[in-house]
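Residue strings, one per chain:
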Amino acid sequence: MSDSNLNPEIPVLTIDGPSGSGKGTISRLVAQRLGWHYLDSGALYRAVGVAAGWGDLDLADPAALVRCTFDTEIGFREDDSGELRVLVNGTDATDELRTETAGAAASAIAAIPEVREALKDRQRAFRQPPGLVADGRDMGTVIFPGAAYKVFLTASADERAQRRYKQLNDKGVSVTLPGLLREILARDARDAQRAVAPLRPAEDAVRIDTTGLGIEAVVERVLALVHE
Ligand SMILES: Nc1ncnc2c1ncn2[C@@H]1O[C@H](COP(=O)(O)OP(=O)(O)O)[C@@H](O)[C@H]1O
Ligand SMILES: Nc1ccn([C@H]2C[C@H](O)[C@@H](COP(=O)(O)OP(=O)(O)O)O2)c(=O)n1
């Protein structure tokens, strides 16, 4: 039995896609509606990236980054308003994690096969009753290949950059739209072209193009898949 099937009776819904396609938003809402657990796998890669930055590690030194992956404690907890907070080595790093700098570091680190291997068990441990919604790049292809429900979200690069622009602006983070678009395209290319677990839809994933589609409409489509 492969380790992705350790709890084969617990249903998993995987939601993969590029940056800004809405994975996190849709996954959280669908998990809430279903009463299932939620795995933000990107947060794990981002947490290692942030820890590497705190330790002044060189992003071109794979051995140091692999050690950092093993040494970094990553915890999730909900605050009083129900928002998910991420603790990196005991420190709340949620806001730092959401920056494009952390996203770019995560994308670079995520191309190292040993880092991906080191994070596999931590991700699969989220598969707990009554079910799991897992968001990332390789949830349906590598981490939970036997998942009962698989979705691949897309949207045009322009719309994804606009969404990220608004999201960061609302948080008071100063960014420019052309800069964000460049960063998103660079990250898409790196995530899709890496040798191990590249960003791509699982063959059995249902693809949803969310360009021009509101959040609630996407949530309804995903829920319909599970309820079918
Ligand atoms: N279908 C949608 N229509 C409009 N805005 C969306 C949609 N899906 C997500 N968003 C918004 O886009 C931003 C990025 O979404 P997020 O869930 O963080 O994407 P991802 O996890 O794929 O990077 C958020 O501010 C979110 O509210
Ligand atoms: N399952 C995953 C999740 C994220 N990654 C890498 C690649 C992504 O560019 C970074 C950040 O992922 P994250 O999902 O947090 O980023 P977005 O919200 O899509 O912008 O981590 C990955 O390689 N595999």
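Computed from a predicted model, the values in this text were never measured in an experiment.

The rules behind the values
- Residues numbered from 1 in each chain as written.
- Chains lettered and ligands numbered in written order.
- Predicted model: local features only at pLDDT ≥ 70, side-chain atom pairs only at ≥ 80, totals over all residues.
- UniProt positions renumbered as here; feature names shortened; annotations may be inferred.
- Helix = DSSP H or I, 4+ residues; strand = E, 2+ residues; numbered from the N terminus.
- Contact = placed C-beta atoms within 7 Å.
- Pairing = 2+ DSSP bridges.
- Axes fitted to C-alpha atoms, helices over the stretch in contact; angles between N-to-C directions.
- Buried ≥ 20, exposed ≤ 12 C-beta atoms within 10 Å, placed from the backbone.
- Parallel < 35°, antiparallel > 145°, perpendicular 65-115°, else oblique.
- Nonpolar A, V, L, I, M, F, W, Y, C, P; charged D, E, K, R; others polar.
- Near = placed C-beta within 6 Å.

## Remarks on the UniProt feature "binding site: ATP" (unreviewed entry) in the protein
Right, so step 1: UniProt's entry tags Gly17, Pro18, Ser19, Gly20, Ser21, Gly22, Lys23, Gly24 and Thr25 with the feature "binding site: ATP" (unreviewed entry), counted in the numbering of this structure.
Right, so step 2: Within the fold, Gly17 resides in the loop between strand 1 (12–16) and helix 1 (23–34).
Right, so step 3: With residues near it in sequence (within four places) discarded, Gly17 still touches Lys23, Phe152, Leu153 and Thr154.
Right, so step 4: Tracing the sequence through the fold places Ser19 in the loop between strand 1 and helix 1.

## A few points about the sheet that holds strand 4 (residues 84–88)
Strand pairing in a sheet relies on backbone hydrogen bonds. The paired strands run either parallel or antiparallel.
Right, so step 1: The three strands lie next to each other as 3-4-5, forming an open sheet whose pairing is antiparallel. Edge strands, defined here as strands with exactly one partner in the open sheet, are strand 3 (74–78) and strand 5 (91–92).
Right, so step 2: Bridge count for strand 4 against strand 5 is two bridges, and the pairing is antiparallel. Note that in strand 5 the partner of Leu87 across the bridge is Asp92.
Right, so step 3: Strands strand 3 and strand 4 of the sheet are contacted by helix 2 (residues 41–54), whose axis makes an angle of about 40° with strand 4.

## Thoughts on the UniProt feature "domain: Cytidylate kinase" (unreviewed entry) in the protein
Right, so step 1: Sequence positions flagged by UniProt for "domain: Cytidylate kinase" (unreviewed entry) are, in local numbering, residues 14–227.
Right, so step 2: For residues 14–227, helix accounts for 52% and strand for 16%, while the C-alpha atoms at its two ends are 15 Å apart.

## Brief notes about the sheet that holds strand 1
Right, so step 1: Pairing is parallel across the open sheet formed by five strands, whose spatial order is 2-6-1-7-8. On the outer flanks of this sheet lie strand 2 (37–40) and strand 8 (206–209), each paired with one strand and no other. Each strand of the sheet is rotated relative to its neighbour by a mean of 20°, with strand direction disregarded.
Right, so step 2: The sheet contact formed by strand 1 and strand 7 (residues 149–154) spans four bridges and is parallel. Within strand 7, the position partnered with Leu13 by the bridge is Tyr149.
Right, so step 3: The sheet contacts of helix 1 involve strand 1, strand 2, strand 6 (132–136) and strand 7, and relative to strand 6 the element is tilted by about 175°.
Right, so step 4: Contacts between helix 10 (residues 215–227) and the sheet are confined to strand 1, strand 7 and strand 8, with strand 7 contributing the most and set at about 160° to the helix.

## Quick notes on helix 5 (residues 100–109)
Right, so step 1: Along helix 5, the residues classified as buried are Ala102, Gly103, Ala105, Ala106, Ser107 and Ile109.
Right, so step 2: Buried positions along helix 5 lie against helix 2, helix 3 (62–71), helix 4 (94–97), helix 6 (113–124) and helix 9 (177–193).

## Looking at the environment of Ala64
Right, so step 1: By secondary structure assignment, the location of Ala64 is in helix 3.
Right, so step 2: Sequence spacing of Ala64 and Ala52 is 12 residues, and the spatial spacing of their C-alpha atoms is 8.6 Å.
Right, so step 3: Apart from the residues lying within four places of it in its own chain, the contact partners of Ala64 are Leu57 and Asp58.

## Here's the deal with the packing of helix 3 against helix 6
Right, so step 1: Where helix 3 meets helix 6, the axes come as close as 9 Å, and the angle between the chain directions of the two elements is 10°. The angle between helix 3 and helix 6 falls in the class roughly parallel. Taking contact as the criterion, the partners of Leu65, Val66, Thr69 and Phe70 in helix 3 are, on helix 6, Glu114, Val115, Ala118 and Leu119.
Right, so step 2: When its residues are assigned to classes, the contact of helix 3 with helix 6 shows six nonpolar, one polar and one charged.

## A look at the site of ligand 1
Right, so step 1: Surveying the vicinity of ligand 1 reveals 16 residues, the closest of which are Gly22, Gly24, Thr25, Arg163 and Gln167.
Right, so step 2: Breaking the shell around ligand 1 down by element, the ones donating at least two residues are helix 1, helix 8 (157–170) and helix 10.
Right, so step 3: Taken together, the residues of the shell around ligand 1 sort by class into three nonpolar, 10 polar and three charged.

## Side note on the site of ligand 2
Right, so step 1: Near ligand 2 there are 16 residues, and of these Ser19, Gly42, Ser107, Ala110 and Gly136 occur at the shortest range.
Right, so step 2: Counting only elements with at least two residues in the shell around ligand 2, the list comes to helix 1, helix 2, helix 5 and helix 9.
Right, so step 3: Ranked by residues supplied to the shell around ligand 2, first place goes to helix 2 with four residues.
Right, so step 4: Residues of the shell around ligand 2, tallied by class, amount to three nonpolar, seven polar and six charged.

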